[in-house]
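# A closer look at the structure
These are the residues of each chain, in order.
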Amino acid sequence: MTDFFDDLKWRGLVYQTTSEQLPDWLNAGRRTLYAGFDPTADSLHVGSLLPLLMLRRFQRAGHRPIAVVGGATGMIGDPSGKSDERQLLSPEALLANVAGIERQMQQFLDFGTNGAMLVNNADWLGRMTYVEFLRDVGKNFPVNVMMAKDSIKNRLEREDAGISYTEFSYMLLQAFDFVHLFRTHGCELQIGGSDQWGNITAGIDLARRMAGVHLYGMTSPLLLKSDGSKMGKTESGAIWLDPKRTSPYAFYQYWINVADDDAGTCLRFLTELSREQIEELDRQRQAQPAARESQRELARHLTRLVHGDAGLAKAEVATAIFFGAEIANHSDADLLQIFADVPSIKLPRSALDGAGLLLVDALVESTLAKSKAEARRTIEQGGAYVNNRRQDSADARLTPRDLVSDSMIVLRAGKKKYALLQFE
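## Brief notes about the overall build of the protein chain
Scanning the protein chain from N- to C-terminus turns up 18 helices and 15 strands. For the protein chain, the spread of C-alpha atoms along the three principal axes comes to 85 × 50 × 45 Å. In the protein chain, the share of contacts with a sequence separation of at least 24, taken over all contacts with a separation of at least 6, comes to 73%. Split by element, the accessible area of the protein chain, about 20100 Å² in all, is 48% carbon and sulfur. With 49 positive and 54 negative side-chain charges, the protein chain shows a spacing of 1 Å between the two charge centroids.

Structure representation (structure tokens):
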């Protein structure tokens, strides 16, 4: 297991550890560790991938991971890395979020006999009274130590934003999670992002005070782009792991479009490719950056991991469509996902009856042409396509035979201008 820790260091996944003895301790036997996940939504997002995949790496190396969903702490919100007070969730919304996250985790970790564990901290924190918590936990927390933690200090130093007692208390709750998991499951290691260092060390200190034991902590770098911005954020919002929130195609496209400066880091942080494979991709990226083979391998690997073989196949078909592959035999839902960002026009189904709808009129209706004259020129110059099949005649008409799903036809003008016609 020393090789395992060396691999983590090579990948850049070891940012801080609480003890230089951690590699030897891991090598001495099967250890139990945990990472926490805040249920702010009913799906995890790309930012959650790193700690989730870290648990997966530890499990594959022979250790036992515990994924803690913060059903209790999620009602408060972690102030770490946040400049403003979080909006509190209702109990109903929180339960729905916890259920959604629990379902997703099962595709990354093996929860079989003696395998990974999935727990909700509401199961123990929710049973404690306020007085019990102050007596058993609060008395072990020196306020001056809490004030020195970056997650607290940074908020207090800002003139435009303070911190409520609710968020100030978050550190105590997460610290007690570590103590509880040690007592009930023998958990001796907590991992998390670098912004969790204060919370992790608080848990280690609390365990020393309450149970007289020495626990371990390790952080990994945050998943950031080379410009310092968060990975997994786009103009339209976060990249989610739930296909209903972010389609497999959109997920795949996000990784295909990762910058060269970020591709190597993503391959190391997020894939299970070997060192030899990643270094070969590094060489290819240096020699032929236009081929984007690093990004293609990254997109294939992560899409298969998150959405399975079927999701990857859909994403690759959708990608081929945008590079001109003929479109046939899709569902309405698939086409709506693939063409989510192109103009979509609804027309009566009767428009296809009889002789059908003139392609010239369809190009104008879809806004791919400003006038019938422009539509005719587009067709005559070979720039009009129906379901990615070129149309040569200005007299061409659309009929039910052109439907590529229950109700849709895809138009294209030129190389990249698409429109979706939906006949109801």
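## Comments concerning the sheet that holds strand 5 (residues 189–193)
The sheet built from 6 strands is open, its strands ordered 1-6-5-2-3-4 with mixed pairing. If you trace the sheet from one side to the other, it starts and ends with strand 1 (16–17) and strand 4 (117–120), each paired once. Alignment of strand 5 against strand 6 (residues 216–220), held across 5 bridges, turns out to be parallel. Across the sheet, residue glycine 193 finds its bridge partner in strand 6, namely serine 220. In the packing of helix 3 (residues 46–60) onto the sheet, contacts are made with strand 2 (32–37), strand 3 (64–69), strand 5 and strand 6, and the angle to strand 2 comes to roughly 165°. Each of strand 2, strand 3 and strand 4 is contacted by helix 4 (residues 91–105), which is oriented at about 160° to strand 3, the strand it contacts most.

## Focus: the packing of aromatic side chains
The final tally for this structure, using the stated rule, is 6 aromatic pairs. Where tryptophan 25 meets tyrosine 216, the ring centres are 4.3 Å apart and the plane angle is 25°; that geometry is what we call stacked. Note that tryptophan 25 is positioned in helix 2 (residues 22–27) and tyrosine 216 in strand 6, a separation of 191 residues in sequence. Through a chain of ring-to-ring contacts, three or more aromatic side chains come together here, namely Phe251, Tyr254 and Trp255. The ring centre of tryptophan 240 lies 4.3 Å from the NZ or CZ of arginine 245, which sits over that ring.

## Details of helix 4
Side chains three or four residues apart in an α-helix point the same way, a direct result of the helix having 3.6 residues per turn. Helix length check: helix 4, at 15 residues, gives a terminal C-alpha distance of 21 Å against a target of 21 Å (1.5 Å per residue), a fit within 8%. Within the span of helix 4, buried status applies to Leu94, Asn97, Val98, Gly100, Ile101, Gln104 and Met105. Viewed end-on, helix 4 has its buried residues packed into an arc of 165°, placing them on one side of the element. Residues of helix 4 that are exposed and point more than 90 degrees away from the buried face comprise Glu92, Leu95 and Arg103. Summarising the contacts, the buried residues of helix 4 are in contact with strand 2, helix 3, strand 3 and strand 4.

## Quick notes on the packing of helix 3 against helix 13 (residues 260–270)
As a packed pair, helix 3 and helix 13 sit with axes 9 Å apart at the nearest point and diverge in direction by 45°. The pairing of helix 3 with helix 13 is recorded here as oblique in orientation. Facing Leu49, Leu50, Leu53 and Arg57 of helix 3, the residues of helix 13 in contact are Arg268, Phe269 and Leu270. For the contact of helix 3 with helix 13, a count of residues per class yields 5 nonpolar, no polar and 2 charged.

Cut-off values and rules
- Residues numbered from 1 in each chain as written.
- Predicted model: local features only at pLDDT ≥ 70, side-chain atom pairs only at ≥ 80, totals over all residues.
- Heavy atoms only, no water.
- Helix = DSSP H or I, 4+ residues; strand = E, 2+ residues; numbered from the N terminus.
- Contact = heavy atoms within 4.5 Å.
- Areas by Shrake-Rupley, 256 points an atom, 1.4 Å probe, with all protein chains shown as cover.
- Lys, Arg positive; Asp, Glu negative; His and termini not counted.
- Charge placed at Lys NZ, Arg CZ, Asp CG, Glu CD.
- Pairing = 2+ DSSP bridges.
- Axes fitted to C-alpha atoms, helices over the stretch in contact; angles between N-to-C directions.
- Phe/Tyr/Trp six-rings, centres within 6.5 Å; stacked < 30°, edge-to-face > 60°.
- Lys NZ or Arg CZ within 6 Å of the ring centre and 35° of its normal.
- Expected span 1.5 Å × (residues − 1).
- Buried < 20%, exposed > 50% of the residue type's maximum accessible area, 1.4 Å probe, protein only.
- Arc of directions from axis to C-beta.
- Parallel < 35°, antiparallel > 145°, perpendicular 65-115°, else oblique.
- Nonpolar A, V, L, I, M, F, W, Y, C, P; charged D, E, K, R; others polar.

In short, shape yes, function no, at least from these values alone.
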